[in-house]
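What follows is the residue order along each chain.
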Amino acid sequence: MTMDINCSPLGFLISLFFIVTFLAPQVKSRAFYVFGDSLVDNGNNDYLVTTARADNYPYGIDYPTRRPTGRFSNGLNIPDIISEAIGMPSTLPYLSPQLTGENLLVGANFASAGIGILNDTGIQFLIELRLVHDLSIFLLLISSLIKKLYELGARRVLVTGTGAMGCAPAELAQHSRNGECYGALQTAAALFNPRLVDLIASVNAEIGQDVFVAANAYQMNMDYLSNPEQFGNYNSSLSNFLV
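So, here is what we can say about the structure in this document. (Residues numbered from 1 in each chain as written. Predicted model: local features only at pLDDT ≥ 70, side-chain atom pairs only at ≥ 80, totals over all residues. Heavy atoms only, no water.)

**Overview of unusual backbone geometry**
Test applied: Strands are runs of DSSP state E lasting at least two residues, helices are runs of H or I lasting at least four, and both sets are numbered from the N terminus onward. Partly exposed residues are those whose accessible area sits between 20% and 50% of the maximum for their type, while under 20% is buried and over 50% is exposed, using a 1.4 Å probe and protein chains only.
In this chain, Tyr57 is followed by Pro58 through a cis amide linkage whose omega measures 10°. Phi angles above zero are rare outside glycine, and Arg66 is one such case at about 60°. Structurally, Arg66 can be placed in the loop between strand S2 (30-35) and helix H1 (78-85). The exposure class assigned to Arg66 is exposed, which follows from its relative accessible area of 55%.

Structure (structure tokens):
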């Protein structure tokens, strides 16, 4: 079964992101690389001519410096938390002039907010990633990409699926009357994510190692939206979660 996501003029966002750890043989040190969109961007767009920016208040209000850092977050983002967990400093944006010398040994963050897989996804941000629109072909491209990462030495790769795309503020503004998420994009995510999980399992079986880990970002989002109290948020407003 294939899905022509050209059917949606809104596009199919890459909420998908990759977090990659490279391990050299017989060496304990490792490098950490991040690829994705605003969920994991830590400042690359500050160096780009784009309106997709996180360099103003209230971004960064809970960061240690209490100032915007280019992260689309009030504080740390997912790569920062993973860096802390593995005992490494946060990766720098690949466009940062500070990414030299020993900082290169830590890794780099290549994520850029606004990036997408349809030609019209990133137009408003002056960023375009031209890829084919057929879902099956897109999955083949992902398969080829992650296999290449393995060939280059990646030994632990977290691959997320798409999140609750129909619940994004832009989609709510255009399509929601009573706070409900936009069904077309929710359906797209529901079609894509299980196939991504199957793909990851297939690639792991092919190489004989569990190198790639699939993370269900969509289910995480929906769990939070459905039961915010379980996560310490007693304001169940969708806008409170997303904005």
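**Here's the deal with the packing of aromatic side chains**
Counted only if it meets this: Centres within 6.5 Å make a pair out of two Phe, Tyr or Trp rings, where for Trp the six-membered ring is used; the pair is then stacked when the planes are under 30 degrees apart, edge-to-face when over 60, and tilted otherwise. Sitting over a ring, as applied to charges here, requires NZ of Lys or CZ of Arg to be within 6 Å of the ring centre and within 35 degrees of the ring normal.
This structure, assessed with the given rule, holds four aromatic pairs. Ring centres of Tyr33 and Phe110 lie 6.4 Å apart, and the angle between their planes is 25°; this geometry places the pair in the stacked category. On the criterion of sequence distance, the pair formed by Tyr33 in strand S2 and Phe110 in the loop between strand S3 (107-109) and helix H3 (135-151) is long-range, its members being 77 residues apart. Ring geometry for Tyr94 versus Phe110: centroids 4.9 Å apart, planes at 25°, classification stacked. On the criterion of sequence distance, the pair formed by Tyr94 in the loop between H1 and helix H2 (103-106) and Phe110 in the loop between S3 and H3 is long-range, its members being 16 residues apart. Connected via pairs of aromatic rings, a cluster forms that spans Tyr33, Phe35, Tyr94 and Phe110. Between the NZ or CZ atom of Arg155 and the centre of the ring of Tyr150, over which it lies, the distance is 4.1 Å.

Read these as layout, nothing more, since geometry by itself doesn't imply function.
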